[in-house]
Amino acid sequence: MQCPNCGQDIGIKREFCPACGKRVDVAFDQIAASVHVDAAARRGQNLERFLGWGLMALIAVGVVILGINHLWDRPLVYDGAELAAMDAPVVPLVPPPQLQAVSRNPFRLSLPPGQAPKVFANRQDPFKSELRIANGGTTEVEAAIENGLRFLVGRQNRDGSWTPGYKSKRILPTRDETQAHQWTQTGLTALALLAFLGEGRTWHETNVKGGRQNQGKCIEQAIRFLVNSQDEINGRYGPAQGNFMYNHGLATLAIAEAAGLSGDKHLRESAQKGVILIQNAQHPSGGWKYKDEISGNADTSVTSWQVQALLTASEIGLKVNPEVLNKSLDFLRKVTEPNGQVRYDLQDRAAFSPPGVALMMRRWLGETDSGALRLLTRKTLEGLPRSEKSWGRGWKEAAKDIDHDKRARIFDPYAWFYGTYGAFFQGGDDWKLWHSGPAGAQTAEVKVGLVPALLDLQDTDGGWYANDKWTVKVGEVYSTALCVLALQAYYRVH
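S.K.: How would you sum up a nonpolar patch on the surface? Please name residues and give values.
M.R.: A grouping of Leu47, Phe50 and Leu51 is seen on the molecular surface, where their side chains present a nonpolar patch of about 350 Å² in accessible area. Secondary-structure assignment places phenylalanine 50 in helix α1 (residues 28-73).

S.K.: Describe the side chain of asparagine 135, and please don't skip the residues or the numbers.
M.R.: Along the chain, the position of asparagine 135 falls in the loop between α3 (127-134) and α4 (139-155). At 2.9 Å, the side chain of asparagine 135 and the backbone oxygen of leucine 131 are in polar contact.

S.K.: I'd like a rundown of the confidence of the model for the protein, residues and numbers included.
M.R.: Overall, the predicted model of the protein reaches an average pLDDT of 83, with 79% of residues at or above 70. For residues 71-113, every residue scores under 50 in pLDDT, and the model assigns this stretch 81 contacts once sequence neighbours within four places are set aside.

S.K.: An account of unusual backbone geometry is needed here, citing residue identities and associated values.
M.R.: Comment: phi is negative for the bulk of residues other than glycine, and the bulk of peptide bonds are trans. The residue serine 390 is not glycine, and still its phi comes out positive at about 80°. Within the secondary structure, serine 390 is located in the loop between β3 (386-388) and α13 (404-410). With relative accessibility at 37%, the residue serine 390 sits in the partly exposed group.

S.K.: Give a detailed account of the packing of aromatic side chains, specifying residues and quantitative values.
M.R.: In total, this model carries 14 aromatic pairs according to the counting rule given. The interplanar angle of 65° and the centroid separation of 6.3 Å between the aromatic rings of tyrosine 421 and phenylalanine 425 together place this pair among those described as edge-to-face. Here the residue tyrosine 421 and the residue phenylalanine 425 both occupy positions in helix α14 (residues 413-426), the gap between them amounting to four residues, near one helical turn. Residues tyrosine 421 and phenylalanine 425 agree in their burial class; the two are buried. Where tyrosine 490 meets tyrosine 491, the ring centres are 6.5 Å apart and the plane angle is 35°; that geometry is what we call tilted. Under the relative-accessibility criterion, tyrosine 490 is labelled buried at 3%. Three or more aromatic residues joined by ring pairs make a cluster, and in this case those are Trp305, Trp364, Tyr414, Phe417, Tyr418, Tyr421 and Phe425. Directly above the ring of tyrosine 465 sits arginine 170, whose terminal nitrogen or CZ lies 3.9 Å from the centroid. When the ring centre of tryptophan 395 is taken as reference, the NZ or CZ atom of arginine 407 above it lies at 3.6 Å.

S.K.: Which residues make up the environment of threonine 420, and what values go with them?
M.R.: Mapped onto the fold, threonine 420 is located in helix α14. With residues up to four places along the chain from it excluded, the contact list for threonine 420 reads Trp431, Trp434, Leu450, Ala486 and Ala489. Within the structure, the side chain of threonine 420 is placed 3.0 Å from the side chain of tryptophan 434, a separation counted as a polar contact.

S.K.: Outline the nonpolar core, supporting the account with residue identities and numerical values.
M.R.: Residues Leu152, Trp162, Ile223, Trp288, Trp305, Leu454 and Trp464 are the most contacted members of the largest nonpolar core, which totals 115 residues. Top element by residues in this core is helix α7 (residues 244-262). It accounts for twelve residues. In contact with leucine 454, not counting residues within four places along its chain, are Phe411, Trp416, Trp464, Cys483, Ala486 and Leu487.

S.K.: Give me helix α18 (residues 476-487): which residues, what numbers.
M.R.: Between its first and last C-alpha atoms α18 spans 17 Å; for twelve residues at 1.5 Å apiece the expected length is 16 Å, and the two agree. Where α18 is concerned, the buried positions are Glu476, Val477, Tyr478, Ser479, Thr480, Ala481, Leu482, Cys483, Val484, Leu485, Ala486 and Leu487. On its buried face, α18 is in contact with α4, α5 (185-197), α14, α16 (450-457), α17 (471-474) and α19 (489-492).

Cut-offs used in this document
Residues numbered from 1 in each chain as written. Predicted model: local features only at pLDDT ≥ 70, side-chain atom pairs only at ≥ 80, totals over all residues. Heavy atoms only, no water. Patch = residues over 30% accessible without salt bridge, like charges linked within 9 Å, V, L, I, M, F, W, Y side chains within 5 Å. Areas by Shrake-Rupley, 256 points an atom, 1.4 Å probe, with all protein chains shown as cover. Salt bridge = Lys/Arg side-chain N within 4 Å of Asp/Glu carboxyl O. Helix = DSSP H or I, 4+ residues; strand = E, 2+ residues; numbered from the N terminus. Polar contact = N/O pair within 3.5 Å; in protein donor to acceptor, adjacent residues only side chain to side chain. pLDDT = per-residue confidence, 0-100. Contact = heavy atoms within 4.5 Å. Buried < 20%, exposed > 50% of the residue type's maximum accessible area, 1.4 Å probe, protein only. Phe/Tyr/Trp six-rings, centres within 6.5 Å; stacked < 30°, edge-to-face > 60°. Lys NZ or Arg CZ within 6 Å of the ring centre and 35° of its normal. Core = buried A, V, L, I, M, F, W, Y, C linked by side-chain atoms within 4.5 Å. Expected span 1.5 Å × (residues − 1).

Below you can see the structure in the form of structure tokens.
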């Protein structure tokens, strides 16, 4: 109630006003009216609080309902429910017209003159077997691939990833650098996943004969790991640590291939986010750096993975800016020296990449016939794959009867991967020489050529244990995946 003298609010039982100090004389009806006013005010406040909490409860229930609907509509297991997302089938239902010509002419690529290679070729039988045989492959190659994939299945972590490291030590502990390169986990997982996708397999793979047990589960878990590692805002795969654009390029490539083989719309959306980041991070020179920034200096190696991801994304119908690809081709031309050497970047004149990197990528980007390509081919063929006795089965760096430095210089899975696809794109005698080695070159002591060397170097557990500077950093999952990818060249691209 209010003081009748000064109008100040006071308690009902107060005899004197605390504000003016005068005696308060009020009638009973005034007290009753004041009580009614106070009660009405309290009811209003209570109603306001009730409505506020009720509104918050309704919002919370709505969010829960929307979340359940989203999860219900989106397959938690990529079960191929949305295979119609592709504009055209990825795997042809009939042999391409060039297939018969390939079969009649061994070591000839099923690629018309002037046409750039494509990512999705005939990764399903019978076309896969036809192309492998037509281009010099054997049943031993098929077995080596299956053994390599079985090795990768056995090295996968429970969360679907692969981690740098050696479970069975082949490298001396003093040279094992894998603990310092744990940041490569995302990229290594993508590289291993690409080896399975190269066989045309998805998470639908069931337990069948031929060593494919658990491959479907392995593929699904790897895809889940990569998709879950993606930043929802900027599209980056994996954490922003280390030279993470390697990770991002490889992961975008793997998810794009998985999307292309399955048509899954969620994978297409994920890959598109990865593509946008790659395009935004392109260096003004046309290449890419270790990180998503345009300052500094782009390098050839990380550029090659971004370009492969963009080409794959373009082939499955994602939005890729052709100008980005044109600029990348210009960069690869700039890093190619007149003598055929390929510089690691445009600034360092003392560091070089394998010539097969530029050969593979320039050919894949649409360059068909030039003196530079022929020169790159000759430089690539100067480094034919090679193995020597005691380099393969049971090899350990502690063995004293092996020239380990020579082994490390020659057995380079990274260089062999790019050299394989570069030579394959060129086709003809160049591919035959790279693939099988010179006539009469094979002896009991030495194997020359991709297939003789890789078959000789594969260990009994299916893995390839390299001694090069990259394998000692990221482990034998890296070397094994690259060797499998090299042996899939017959049908992995077209």
